[in-house]
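If you want the building blocks of each chain, they are given just below.
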Amino acid sequence: MSAPETAPIATAAGVRITGLRKSYGDNEVLKGIDLEVNPGQVVCLIGPSGSGKSTLLRCINLLEQPNGGTIEVAGFTATDPDVEVDDMRRHVGMVFQQFNLFPHLTVLGNCTVSQQKVLKRSKAEAQEVALRQLASVGLAELAGRFPGELSGGQQQRVAIARALSMDPQLMLFDEPTSALDPETVGDVLAIMRKLAQKGMTMIVVTHEMGFARDVADHVVFMDGGVVVEQGVSAQVIGNPQNVRTQDFLRRVLDPTHVEVYDD
Ligand SMILES: Nc1ncnc2c1ncn2[C@@H]1O[C@H](COP(=O)(O)OP(=O)(O)O)[C@@H](O)[C@H]1O
Ligand SMILES: [Mg+2]
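The structure presented is a predicted model; accordingly, all values stated were derived computationally and were not measured.

Draft legend 1. A look at the packing of helix α3 (residues 107–117) against helix α5 (residues 152–164). Where α3 contacts α5, the axes come no closer than 8 Å and their chain directions differ by 25°. Between α3 and α5, the interaxial angle falls into the category roughly parallel. Between α3 and α5 lies a crossing whose hand is right-handed. Residue-level inspection shows Val107, Asn110 and Cys111 of α3 in contact with α5, the latter providing Val158, Ala161 and Arg162.

Shown next, in the form of C-alpha cells:
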C-alpha cells in the first residue's frame, strides 16, 4: 500500500519512503521498500550483509539514484527530478562505517569546512559551532589534531560532530561502530543514545542489538531487498514473528554484543 503522493509529511524532519526500487544492472537490490520515520523517531535497520541496508540509506540522500518509488525527506521530495539536491542534503547528516574524515584537515577543519562552503558561515561562527559540537562528543580538546592521530572511536565521534555542525534535521548512520575496537564502541553508542534522547530523527544501520532494543522506537529487518518484518523494537528483537528474522537474530545475538553495549 502506497501513501498518496500528495499527502503532506508530518513535519520537515520525517522520512517517508514508498515502493523504493534500486538496481545495479540486472541485480535488483531494493525491491519495493516502504518505510516511514516520524520526526524525533529512531529507527534501526537490521539484516544480513547484502540485504540492501546501505543502499537504502544512500538512496535517502541521493548518494544512489533510485530506479522507482518515492522518497520524502526533511520536507523535500528526493525522487522529484527537480529537487535541489544540495539544499536537501544539508538537512541530512550521514555517518559512515569508515568515518570518511578529511585526513589533511584538523579535527576543527573537518568540522568547519562544509559549514563555511555550504552554509556560508563565517570562519569564526563555524569554529564556534564546531567547538560546541566537539564538546558535546567530548573531544573539544582534540580540535587541533589530525584524524590519523586519533583512535577509531575518536574519529567516529568527530564524524558525528562534523555532521551535527551542519544542523541536520535527520541523521543517517551506516554501521557506525562496526569498524571500531570493542573498547571504543560504547563511547560512540553513548553519544548516539544522547542524540536520540535530545529528539534527533535517526535511521541507524547496526548489528548492535542492545542499542536497537533500548534506543530505537522501531526496528526494521531487511533481507534480500525487502522489508521482512518491522515494528516496535522490543517486539521485533524480543519476539520476532518471521522465521528469517528469528534466524538472523539467533546468529547476531551472542552475549559479547550485549556485553560490549552494556559496559
Ligand atoms: N555500487 C554498487 N554496484 C553494484 N552492486 C552494488 C553496489 N553497491 C551495492 N551493491 C550490491 O547491492 C547489494 C546490497 O548491498 P548493500 O546495500 O551494501 O547491502 P548491506 O548494506 O545490507 O550489506 C549487494 O548485493 C551488493 O553487492
Ligand atoms: Mg552495508
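Draft legend 2. How the structure looks around the side chain of Glu229. With respect to the helices, strands and loops of the structure, Glu229 is situated in strand β10 (residues 226–232). With no salt bridge to any partner, buried Glu229 finds its closest opposite charge in Arg244, at an N-O distance of 9.3 Å. Polar contacts involving the side chain of Glu229 include one to the side chain of Thr245, which spans 2.7 Å. Setting aside residues up to four positions removed in sequence, Glu229 forms contacts with Val219, Val220, Phe221, Pro240, Gln241, Asn242 and Thr245.

Draft legend 3. Here's a closer look at the nonpolar core. Grouped together as the largest cluster of nonpolar side chains are 48 residues, with contacts concentrated most on Leu134, Ile160, Met171, Phe173, Met192 and Met202. Ranked by the residues each element gives to this core, the list is headed by helix α6 (residues 182–197), at seven residues. Setting aside chain neighbours within four positions, we find Met171 in contact with Gly93, Val95, Ile160, Ala163, Leu164, Leu195, Met200, Thr201, Met202 and Ile203. Listed in part, the 30 residues of the second largest apolar core include Leu20, Leu35, Cys59 and Val205.

Draft legend 4. Structural detail: the site of ligand 1. Every residue near ligand 1 is listed here: Tyr24, Asn27, Val29, Pro48, Ser49, Gly50, Ser51, Gly52, Lys53, Ser54 and Thr55. Contacts to ligand 1 include Ser51, whose backbone N or O atom sits 3.2 Å from an oxygen atom. Contact distances for ligand 1 include 2.8 Å between an oxygen atom and a side-chain N or O atom of Lys53. Contact with the protein chains removes 59% of the 560 Å² of surface that ligand 1 exposes when unbound. Those elements that place two or more of their residues in the shell around ligand 1 are β2 (27–37) and α1 (53–60). Examining the composition of the shell around ligand 1, we find that three residues originate from one element, α1, more than from any other. Split into classes, the residues belonging to the shell around ligand 1 amount to three nonpolar, seven polar and one charged.

Draft legend 5. The arrangement of the sheet that holds strand β6 (residues 92–95) in detail. Spatial strand order, β6-β7-β8-β3-β9-β10: six strands in an open sheet with mixed pairing. Bordering the open sheet on either side are β6 and β10, each of which pairs with just one other strand. Within the sheet, the average angular offset between the axes of one strand and its neighbour, ignoring direction, is 15°. Note: strand β3 (residues 42–46) against strand β8 (residues 201–205), four bridges, orientation parallel. Note on β8: the bridge partner recorded for Leu45 is Val205. Against the sheet, α5 engages β6 and β7 (170–174), with an angle of about 170° to β6. Along the sheet, α6 makes contact with β3, β7 and β8, crossing β8 at roughly 150°.

What counts and what doesn't
- Residues numbered from 1 in each chain as written.
- Chains lettered and ligands numbered in written order.
- Predicted model: local features only at pLDDT ≥ 70, side-chain atom pairs only at ≥ 80, totals over all residues.
- Heavy atoms only, no water.
- Axes fitted to C-alpha atoms, helices over the stretch in contact; angles between N-to-C directions.
- Helix = DSSP H or I, 4+ residues; strand = E, 2+ residues; numbered from the N terminus.
- Parallel < 35°, antiparallel > 145°, perpendicular 65-115°, else oblique.
- Left-handed = near helix turned anticlockwise from the far one by under 90°.
- Contact = heavy atoms within 4.5 Å.
- Buried < 20%, exposed > 50% of the residue type's maximum accessible area, 1.4 Å probe, protein only.
- Lys, Arg positive; Asp, Glu negative; His and termini not counted.
- Salt bridge = Lys/Arg side-chain N within 4 Å of Asp/Glu carboxyl O.
- Polar contact = N/O pair within 3.5 Å; in protein donor to acceptor, adjacent residues only side chain to side chain.
- Core = buried A, V, L, I, M, F, W, Y, C linked by side-chain atoms within 4.5 Å.
- Near = heavy atom within 4 Å.
- Areas by Shrake-Rupley, 256 points an atom, 1.4 Å probe, with all protein chains shown as cover.
- Nonpolar A, V, L, I, M, F, W, Y, C, P; charged D, E, K, R; others polar.
- Pairing = 2+ DSSP bridges.

Just geometry here; none of it tells us what the structure is for.
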